[in-house]
Amino acid sequence: MHRAIALSALGLGRTSPNPPVGCVILDPTGRVVGEGHHERKGEPHAEVHALAAAGEHARGGTAVVTLEPCNHHGRTPPCHQALLDAGIARTVIALIDPTSRDEGGAARLRAAGVEVEVGVLADTARLVLGPWLDSLTTGRPHVTWLYRTNPDGNPVTPTASQVRALAAGMDVVVHADGSVVEARPNSHGAFSLPTPQPSRQPAELLAALYDGGTRTVLIATGPSIAARFIHNGLIDRTVAHLDPVGPSHRPSTRTQPLVPTGFVVDTVTREGHGVRVEAHRPTRQNHLPQ
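Undergrad: Describe the sheet that holds strand 2 (residues 32-37), with residues and values.
TA: Across the sheet, which stays open at both edges, the 5 strands sit in the order 2-1-3-4-5 with mixed pairing between neighbours. Pairing within the sheet leaves two strands with one partner each, and these edge strands are strand 2 and strand 5 (115-118). In this sheet, neighbouring strand axes are inclined to one another by 15° on average, regardless of whether the strands run parallel or antiparallel. Along the sheet face, helix 2 (residues 46-54) touches strand 1 (22-26), strand 2 and strand 3 (62-67) and points at about 150° away from the line of strand 2. This element, helix 5 (residues 122-138), spans strand 3 and strand 4 (90-95) of the sheet and lies at about 60° to strand 4.

Shown next, in the form of structure tokens:
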């Protein structure tokens with residue numbers, strides 16, 4: 001499952017509005033014989049890619065998948081049926097798909113005699129699927145604010161390299177000039193961006209992006225644009241890059257808190273010459289530092 005979760009992350013920034021999913025196929029002896037991940041909407045899902053690699057070695061084996069195999073025929077056939085057709089005897093699932101229609105893929109696999117185990121490394125799978133799942137709950141994209149702090153400790157626009165590194169796993173980037181662009185141009189299979197409207201309110205913009213297929217948004221700006229999202233409770237995660245300072249340093253201006261009020265720091269990592277700090281908002285009632 002760890003391998004399937006890692007593979008699923010290869011779909012970040014490409015699969016929306018579909019979820020990023022990974023799958024590993026084991027033969028009856030437990031040997032890995034195939035693996036795959038979903039790349040973009042309209043193309044084969046992770047299970048189909050993994051089964052194609054495994055071929056006949058999948059028969060009687062196990063499918064390890066990060067999200068419940070789909071049970072409906074959309075742009076592609078249902079994955080639970082592909083597993084049955086391949087002769088899979090056991091399926092291990094991290095998370096149940098909340099978008100399943102009628103009875104889910106897990107229930108249909110069980111009804112066909114396949115052994116099904118659910119909840120394996122579920123919390124770890126959420127590291128990749130979490131933003132997609134959150135967007136289903138909120139009805140808007142999951143939003144990350146990326147910024148760097150200058151030597152005085154105040155948030156400013158991140159560097160181009162910092163934006164590129166984080167944008168690789170995002171659907172859309174909002175830049176300091178207010179432009180809204182696909183993070184990796186032409187990387188999505190079914191995707192559309194709303195017509196630019198400078199006066200559009202953050203909630204309205206996010207709703208339009210969600211309707212067009214966006215599930216993750218990167219705000220790559222200083223506080224001027226981000227403030228409008230923060231004040232409306234529309235930032236879910238922050239990534240701050242601290243510019244390096246000397247071992248003894250006194251800021252020349254008033255320093256703002258490193259993360260917005262109410263956010264919880266997850267990781268602090270030395271990166272290059274500076275430090276990267278990631279935080280998340282555990283509740284929806286937070287405000288910009290005053």
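Undergrad: Describe the nonpolar core, with residues and values.
TA: Ranked by internal contacts, the top residues of the largest apolar core, which has 36 residues, are M1, I25, L51, I88 and L95. Broken down by element, this core gets its largest block of residues, 6 residues, from helix 5. Every residue in contact with L51, bar those within four places of it in the chain, is listed here: I25, A58, A82, L83, A86 and I88. Among the nonpolar cores identified, the runner-up in size contains 20 residues, and V174, L206, I219 and A240 belong to it.

Undergrad: Can you explain the side chain of R14? Please cite residues and give values.
TA: Inspection of the secondary structure assignment puts R14 in the loop between helix 1 (2-8) and strand 1. R14 has contacts with E39, R40, D171, R184, S187, H188 and G189, leaving out every residue within four places of it along the chain.

Undergrad: Tell me about the environment of E271, and please be specific about residues and values.
TA: The residue E271 is located in strand 12 (residues 264-271) in this model. What makes E271 partly exposed here is its relative accessible area of 36%. Sequence spacing of E271 and H241 is 30 residues, and the spatial spacing of their C-alpha atoms is 8.5 Å. In this view, E271 contacts H241 and R276; residues no more than four positions away in its chain are not counted.

Undergrad: Now, about the pattern of salt bridges: what can you tell me, with residues and values included?
TA: If you walk through the whole model with that rule in mind, you get 16 salt bridges. One salt bridge connects R281 with D236, and the closest N-O pair in it is separated by 2.7 Å. Placement of R281 in the segment after strand 13 (274-280) and of D236 in the loop between helix 8 (223-231) and strand 11 (237-242) is noted, with a sequence separation of 45 residues between them. In this structure, R281 and D236 share a single accessibility class: buried. Via salt bridges that share partners, R237, E271, R276 and E278 belong to a single interconnected network.

Undergrad: An account of helix 8 is needed here, citing residue identities and associated values.
TA: Buried within helix 8 we find I225, A226, A227, F229 and I230. Looking at the buried side of helix 8, the elements it contacts are strand 6 (142-149), strand 8 (172-175), helix 7 (202-211) and strand 10 (216-220). Of the residues flanking the end of helix 8, it is G233, one or two places downstream, whose phi is positive at about 65°.

Undergrad: A description of the packing of aromatic side chains should follow, citing residues and the corresponding values.
TA: By the definition in use, this model includes 1 aromatic pair. The cationic tip of R215 hangs over the ring face of Y210; the distance from NZ or CZ to the ring centre is 3.8 Å.

Undergrad: Can you lay out helix 6 (residues 160-167) for me, pointing to particular residues and giving the numbers?
TA: Among the residues of helix 6, those classed as buried are Q162, V163, L166 and A167. Looking straight down helix 6, one finds its buried side chains confined to an arc of 120°; they lie on one side. Counted as exposed and oriented over 90 degrees from the buried face of helix 6: R164 and A165. Among the structural elements, strand 6, strand 8, strand 10, strand 11 and strand 13 are those in contact with the buried residues of helix 6.

Undergrad: Requested: an account of the pairing of strand 6, with residues and values cited.
TA: A large share of strand 6 lies buried, amounting to 7 of its 8 residues. Note that strand 6 and strand 10 share 5 bridges and pair parallel. Each residue of the ladder has a partner; that of L146, found in strand 10, is A220. Judged from the 6 bridges that link them, strand 6 and strand 11 form a sheet pairing that is parallel. Within strand 11, the position partnered with T149 by the bridge is L242. Relative to strand 7 (residues 155-156), strand 6 runs antiparallel, the two being bridged by 2 bridges. Counterpart to R148 in the pairing with strand 7 is V156. A loop of 5 residues connects strand 6 with strand 7, the two strands running antiparallel in sequence, and G153 in this loop sits at a positive phi of about 85°.

What counts and what doesn't
Residues numbered from 1 in each chain as written. Predicted model: local features only at pLDDT ≥ 70, side-chain atom pairs only at ≥ 80, totals over all residues. Heavy atoms only, no water. Pairing = 2+ DSSP bridges. Helix = DSSP H or I, 4+ residues; strand = E, 2+ residues; numbered from the N terminus. Axes fitted to C-alpha atoms, helices over the stretch in contact; angles between N-to-C directions. Contact = heavy atoms within 4.5 Å. Core = buried A, V, L, I, M, F, W, Y, C linked by side-chain atoms within 4.5 Å. Buried < 20%, exposed > 50% of the residue type's maximum accessible area, 1.4 Å probe, protein only. Salt bridge = Lys/Arg side-chain N within 4 Å of Asp/Glu carboxyl O. Phe/Tyr/Trp six-rings, centres within 6.5 Å; stacked < 30°, edge-to-face > 60°. Lys NZ or Arg CZ within 6 Å of the ring centre and 35° of its normal. Arc of directions from axis to C-beta.

Treat this as a map of the structure, not an account of what it does.
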